[in-house]
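# Chains, contacts and geometry: an overview
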Amino acid sequence: MTKDEQWMQIAIEEAKLAMKKNEIPVGSVLVKDEKIIAQAHNQPIGNNDPTAHAEIQLLRKAGKQLENYRLVGSTLYVTLEPCAMCFGAMVHARVERIVFGALDPKTGVCGSCIDFNRESFFNHKISITEGVLDKECSDLLRLFFASKRDK
């Protein structure tokens, strides 16, 4: 198992926590210098907060942990391709690298719908790795939405 897969496995555990709370199962982990800085999962429903995506929750925790809103040199692992809001926050935080599992053909901005990283209006570029443990990440989402359709 690669380092990326090891960190993504922790993000998957966070996604499972979200699913137990009836939230869309997305989990994330922020790593810097081979150490976990923070981990989080989706909580928009429980928090009544449309911005409470896993990545935003993570960035908030990491900023407090490091006492800095800049997360230079960090890698953000997330089970689902980031949306526009989350990607923008990662740019502002100066995240160095994004590693994600499942593609998001509806709102993904790291290549699925659009590739924000190629746009000239961002002053920071992020290294992106896609598809790490994508089957496991996708399976969680499929299971969650299938259970919603069954009800």
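Keep in mind it's a predicted model, so treat the numbers as computed, not measured. (Residues numbered from 1 in each chain as written. Predicted model: local features only at pLDDT ≥ 70, side-chain atom pairs only at ≥ 80, totals over all residues. Heavy atoms only, no water.)

## Regarding helix 1 (residues 3-20)
- Over its 18 residues, helix 1 extends 26 Å from the first C-alpha to the last, a length consistent with the 26 Å expected when each residue adds 1.5 Å.
- Inspection of helix 1 places Asp4, Trp7, Met8, Ala11, Ile12, Glu14, Ala15 and Ala18 among the buried residues, and these make up the whole buried set. The buried residues of helix 1 occupy an angular sector of 165 degrees when projected down its axis, which confines them to one face.
- Buried positions along helix 1 lie against strand 1 (27-32), strand 2 (35-41), strand 3 (74-80), strand 4 (97-102), strand 5 (127-130) and helix 5 (134-150).
- One or two steps after helix 1, the chain reaches asparagine 22, where phi turns positive at roughly 65 degrees. (Helix = DSSP H or I, 4+ residues; strand = E, 2+ residues; numbered from the N terminus. Expected span 1.5 Å × (residues − 1). Buried < 20%, exposed > 50% of the residue type's maximum accessible area, 1.4 Å probe, protein only. Arc of directions from axis to C-beta. Contact = heavy atoms within 4.5 Å.)

## Notes on the pattern of salt bridges
- Counted under the stated rule, the structure contains seven salt bridges.
- Measuring nitrogen to oxygen at the nearest pair gives 3.7 Å for the salt bridge that ties lysine 3 to glutamate 34. Placement of lysine 3 in helix 1 and of glutamate 34 in the loop between strand 1 and strand 2 is noted, with a sequence separation of 31 residues between them.
- In this structure, aspartate 49 and arginine 60 form a salt bridge, with 3.8 Å as the shortest nitrogen-oxygen distance. In this pair, aspartate 49 is assigned in the loop between helix 2 (44-47) and helix 3 (54-66) and arginine 60 in helix 3, connecting sequence segments 11 residues apart.
- With relative accessibility at 41%, the residue arginine 60 sits in the partly exposed group. (Salt bridge = Lys/Arg side-chain N within 4 Å of Asp/Glu carboxyl O.)

## As for unusual backbone geometry
- The phi torsion at asparagine 22 lies on the positive side, around 65 degrees, for a residue other than glycine.
- Of note, asparagine 22 is situated in the loop between helix 1 and strand 1.
- Residue classification places asparagine 22 among the partly exposed positions, given a relative accessible area of 41%.
- One non-glycine residue, leucine 133, adopts positive backbone phi at about 55 degrees.

## Let's talk about the packing of aromatic side chains
- What the rule picks out here adds up to six aromatic pairs.
- Consider the rings of phenylalanine 87 and phenylalanine 122, whose centres lie 5.6 Å apart with planes at 70 degrees: the pair is edge-to-face. Highlighted residues: phenylalanine 87 in helix 4 (residues 84-93) and phenylalanine 122 in the loop between strand 4 and strand 5, separated in sequence by 35 residues.
- On the accessibility criterion, phenylalanine 122 (16% relative accessible area) is buried.
- Where phenylalanine 116 meets phenylalanine 122, the ring centres are 5.7 Å apart and the plane angle is 45 degrees; that geometry is what we call tilted. The same class applies to phenylalanine 116 and to phenylalanine 122, which are both buried. (Phe/Tyr/Trp six-rings, centres within 6.5 Å; stacked < 30°, edge-to-face > 60°.)

## Description of the sheet that holds strand 2
- Across the sheet, which stays open at both edges, the five strands sit in the order 2-1-3-4-5 with mixed pairing between neighbours. Each edge of the open sheet is held by one strand with a lone partner, namely strand 2 and strand 5. Put simply, the sheet's adjacent strands are angled 15 degrees from each other on average, direction ignored.
- Taken together, the four bridges between strand 4 and strand 5 define a ladder with parallel strand orientation. Following the sheet pairing, valine 99 is matched in strand 5 by threonine 129.
- Helix 3 contacts strand 1, strand 2 and strand 3 of the sheet and is inclined by roughly 140 degrees relative to strand 2. (Pairing = 2+ DSSP bridges. Axes fitted to C-alpha atoms, helices over the stretch in contact; angles between N-to-C directions.)

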